[in-house]
Amino acid sequence: MTSTAPQPIAQTMDGFGPLLIACDIDGTLLRTGRPISAEVHDAAVAVTAAGHHLVLATGRSLTGALPVAEQLGLADAWIVSSNGAVTARVTNGTVEIVERHDLDAEPAVRVAVAAAPGVRISAEIVGVGYRINIPFPDGELNGTQYDVLDLEGLWATPTPRLALHQPGIYRMAPALRALGLTAISTRSDWIDVTARGISKATALEKVRTGLGIQAHATIAIGDGENDLEMLAWATAGFAMAHAPVPVLAAADHVTGTIDDDGAATALRSLLT
């Protein structure tokens, strides 16, 4: 891991052909609730204009990721959403779900409610919103929230991801993993739950092979613990400077913070 903003690395990847550049959204391309800065936008446009593939790889639902793709002008692009549980392709405004992995939500819901009464739980409805047991605060979920009559409504229809929201809920992650699920706590009051073995990296590898990108022509930029596998998967991983220590340690390079437009610096270092 380097300790300073990355120097241009385009020369080290010369001859590799098009790159697959996987970018996290929140905390990387933008600050949650705010638009993408002009600097990050222009850098993203520059790398796609150079022939590289910019893939959004996010914990957000597809509903939350699509507006970011639109802001970046990604008319023909891949999106890895829900921490790898849903992969979609956007082609001239048309969205195709290429792959999704649903989880067994019932055991997770029952364990969560028993251990943390009053916990907010949402079950993602791909491309629409969420089924919820208790309304989430504004800005916490993308898309429409649909109240369920009882807990069974959270698992009655297949879902690729659950989100649990309550102060201190991060402590439940080991119990959820013991059920054979993937549980990631990106905040002390939040856990994302997906099926076993699912990550941004597992989805990105399938996108890479589908695009015919060489395995050593992969880049990742992220800031959260749900980016750890993605950073390890990439030939060159960039961590945002404000990332927690485990993420910084997993990266090959450290770029600037979100306030420094660190993602733009990383993206421009890929250009000759």
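Engineer: Describe the sheet that holds strand 5 (residues 94-100), listing the residues and the values that go with them.
Structural biologist: Across the sheet, which stays open at both edges, the eight strands sit in the order 5-4-3-2-1-12-13-14 with mixed pairing between neighbours. Looking at which strands have only one partner, the edges of the open sheet turn out to be strand 5 and strand 14 (253-254). Strands in contact with helix 2 (residues 62-71) are strand 2 (53-57), strand 3 (76-81), strand 4 (86-91) and strand 5; relative to strand 3, the strand with the most contacts, it is inclined by about 145°. Of the strands in this sheet, strand 1 (20-23), strand 2, strand 3, strand 4, strand 5 and strand 12 (218-222) are in contact with helix 6 (residues 200-211), which crosses strand 3 at around 155°.

Engineer: Provide a residue-level description of the side chain of Ser185, including the pertinent values.
Structural biologist: Along the chain, Ser185 falls in strand 10 (residues 182-187). Only 2.6 Å separates the side chain of Ser185 from the backbone oxygen of Arg187, close enough to count as a polar contact. When residues no more than four places from it in sequence are discounted, the contact partners of Ser185 are Tyr170, Trp190 and Ile191.

Engineer: Describe the nonpolar core, listing the residues and the values that go with them.
Structural biologist: Core analysis: the largest hydrophobic core is formed by 84 residues, its most contacted members being Ile21, Leu162 and Leu164. Setting aside chain neighbours within four positions, we find Leu162 in contact with Leu103, Ala105, Ala108, Val109, Ile121, Ser122, Ala123, Ile191, Asp192 and Val193. Membership of the second largest hydrophobic core comes to six residues, among which are Ile132, Leu141, Ala163 and Trp190.

Engineer: Can you explain the pairing of strand 5? Please cite residues and give values.
Structural biologist: With six bridges connecting them, strand 4 and strand 5 associate as antiparallel partners. Each residue of the ladder has a partner; that of Thr87, found in strand 5, is Glu99. Between strand 4 and strand 5, which pair antiparallel in sequence order, lie two residues; one of them, Asn92, sits at a positive phi of approximately 50°.

Engineer: Which residues make up the sheet that holds strand 6 (residues 120-125), and what are the values?
Structural biologist: Spatially, six strands are ordered 8-7-6-9-11-10 in an open sheet, and the strand pairing comes out mixed. Each having just a single partner strand, strand 8 (144-147) and strand 10 make up the two edges of the open sheet. In this sheet, adjacent strand axes meet at a mean angle of 25° when their direction is disregarded. Note: strand 7 (residues 129-132) against strand 8, four bridges, orientation parallel. The residue bridging Gly129 from the neighbouring strand is Thr144, located in strand 8.

Engineer: I'd like a rundown of the pattern of salt bridges, residues and numbers included.
Structural biologist: Inspection of every chain in the model, using the stated rule, returns 14 salt bridges. Taking the shortest distance from any N to any O, the salt bridge between Asp259 and Arg31 comes out at 2.8 Å. In this pair, Asp259 sits in the loop between strand 14 and helix 9 (262-268) while Arg31 sits in the loop between strand 1 and helix 1 (38-49), placing the two residues 228 residues apart along the sequence. We note a salt bridge from Asp192 to Arg161, for which the minimum N-O separation is 2.8 Å.

Engineer: Kindly report on the environment of Ala250, identifying the contributing residues and their values.
Structural biologist: Within the fold, Ala250 resides in helix 8 (residues 245-250). Taking the C-alpha atoms as reference points, Ala250 and Pro107, 143 residues apart in sequence, are found 32 Å from one another.

Engineer: With reference to specific residues and values, describe helix 3 (residues 105-115).
Structural biologist: Within the span of helix 3, buried status applies to Ala105, Ala108, Val109 and Ala112. Take helix 3 and look down its axis: the buried residues cluster within an arc of 95°, on one side only. Turned more than 90 degrees from where helix 3 packs its buried face, Ala114 and Ala115 sit exposed. Against the buried residues of helix 3 lie strand 6, helix 4 (152-155), strand 9 (162-165) and helix 5 (173-177).

Procedures and definitions
Residues numbered from 1 in each chain as written. Predicted model: local features only at pLDDT ≥ 70, side-chain atom pairs only at ≥ 80, totals over all residues. Heavy atoms only, no water. Pairing = 2+ DSSP bridges. Helix = DSSP H or I, 4+ residues; strand = E, 2+ residues; numbered from the N terminus. Contact = heavy atoms within 4.5 Å. Axes fitted to C-alpha atoms, helices over the stretch in contact; angles between N-to-C directions. Polar contact = N/O pair within 3.5 Å; in protein donor to acceptor, adjacent residues only side chain to side chain. Core = buried A, V, L, I, M, F, W, Y, C linked by side-chain atoms within 4.5 Å. Buried < 20%, exposed > 50% of the residue type's maximum accessible area, 1.4 Å probe, protein only. Salt bridge = Lys/Arg side-chain N within 4 Å of Asp/Glu carboxyl O. Arc of directions from axis to C-beta.

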